[in-house]
Every structure is written in structure tokens, then in C-alpha cells.
Amino acid sequence: MIEWLLVFVAFLVMDMAYAAWAKKVAERDPLQASLYAVAIVLCSAFVTISFVKDYWTVVPAALGAFVGTWIVVRRP
């Protein structure tokens, strides 16, 4: 259960970082874009390892992606 929560949070953070990364790339801010890219890779690695151990972690990952996108898009 803890791993499911961690996967959910990791995907939520990764999705939010991906949106921020795209914004920083569009703004041509290489340092900030690179830092967001590192966060994306680290979260992605954790989630990938979780997928290998338990295919059902796709469920909290999908929910984390949904919530992460919802938060970023709803932000003013």
C-alpha cells in the first residue's frame, strides 16, 4: 500500500515537473529546464522499477498523472 502511495506521488510530481519543464523550454531557460528534466528522470526511474515489481502500480500512476495534470491546468 505504501508503494502505491509513493507511485501516485511520484507520478503526480513527475507530471507537474513535465508541465513546468515544457514552460521553461519555451521560455528558453536552460538551467531551470534541466533541473526539471532531472526530476522527471528520477521520478520515472522509480515508477519504472515499481512497474517491474508489480504491474498493478500502473493504477496509482495513472491517477497521479490525472491529478498532476489537473493541478497544473487548473492553476491560474
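Everything quoted here is computed from the prediction, not taken from an experiment.

### Digging into the overall build of the protein
Each helix and strand in the protein was counted, giving three helices and zero strands. Projecting the C-alpha coordinates of the protein onto the three principal axes gives extents of approximately 40 × 25 × 15 Å. Taken over 76 residues, the protein has a buried fraction of 25%. In the protein, once contacts between residues fewer than 6 apart in sequence are set aside, the share between residues at least 24 apart is 70%. For the protein, the exposed surface amounts to about 5,400 Å²; the carbon and sulfur share of it is 75%. Where the 6 positive side-chain charges of the protein centre and where its 5 negative ones centre are 9 Å apart.

### Some thoughts on helix 3 (residues 58-74)
In this model helix 3 runs 24 Å from its N-terminal to its C-terminal C-alpha over 17 residues, within 8% of the 24 Å that 1.5 Å per residue would give. Packed against the buried residues of helix 3 are helix 1 (2-26) and helix 2 (30-53).

### Concerning the packing of helix 1 against helix 2
Between helix 1 and helix 2, the least distance of the axes is 8 Å, while the angle of their chain directions is 150 degrees. The orientation of helix 1 with respect to helix 2, classified from their angle, is roughly antiparallel. Like other packed secondary-structure pairs, helix 1 and helix 2 cross with a definite hand, here left-handed. Broken down by class, the residue content of the contact of helix 1 with helix 2 amounts to 20 nonpolar, three polar and three charged.

### Quick look at unusual backbone geometry
Its identity as a non-glycine residue notwithstanding, Arg28 has a phi of 60 degrees, on the positive side. For Arg28, the location among the structural elements is in the loop between helix 1 and helix 2. For Arg28, a relative accessible area of 73% puts it in the exposed group.

Conventions adopted
Residue numbers here run from 1 along each chain, matching the order of that chain's written sequence. Since the coordinates come from a predicted model, pLDDT governs what is reported: local features require at least 70, and pairs of side-chain atoms require 80 or more to be given and counted, while whole-chain, interface and lining totals use all residues. Heavy atoms throughout the structure, all of them, feed into the side-chain values; hydrogens and water do not. Strands here mean DSSP runs of E at least two residues long; helices mean DSSP runs of H or I at least four residues long; both are numbered from the N terminus. Between buried and exposed lies partly exposed: a residue is buried under 20% and exposed over 50% of the maximum accessible area for its type, with that area taken using a 1.4 Å probe on protein chains only. The contact criterion used throughout is that any non-hydrogen atoms of two residues lie within 4.5 Å. A 1.4 Å probe and the Shrake-Rupley method give the accessible areas. Residues count as covered only by the protein chains that appear here. The sign given to each residue is positive for Lys and Arg and negative for Asp and Glu; His and the chain ends receive no count. Lysine's charge is taken at NZ, arginine's at CZ, aspartate's at CG and glutamate's at CD. By this rule, a helix spans an expected 1.5 Å times one less than how many residues it contains. Here an angle of 0 to 180 degrees is reported between the N-to-C directions of two axes, which are lines fitted to C-alpha atoms, with helices fitted over the stretch in contact. We call two directions roughly parallel when the angle between them is under 35 degrees, roughly antiparallel when it is over 145, roughly perpendicular when it lies between 65 and 115, and oblique otherwise. For any pair of crossing helices, the crossing counts as left-handed if the nearer helix is rotated counterclockwise from the farther one by less than a right angle, and right-handed if it is rotated clockwise. Residue type decides the class: Asp, Glu, Lys and Arg count as charged, Ala, Val, Leu, Ile, Met, Phe, Trp, Tyr, Cys and Pro as nonpolar, and the leftover types, Gly among them, as polar.

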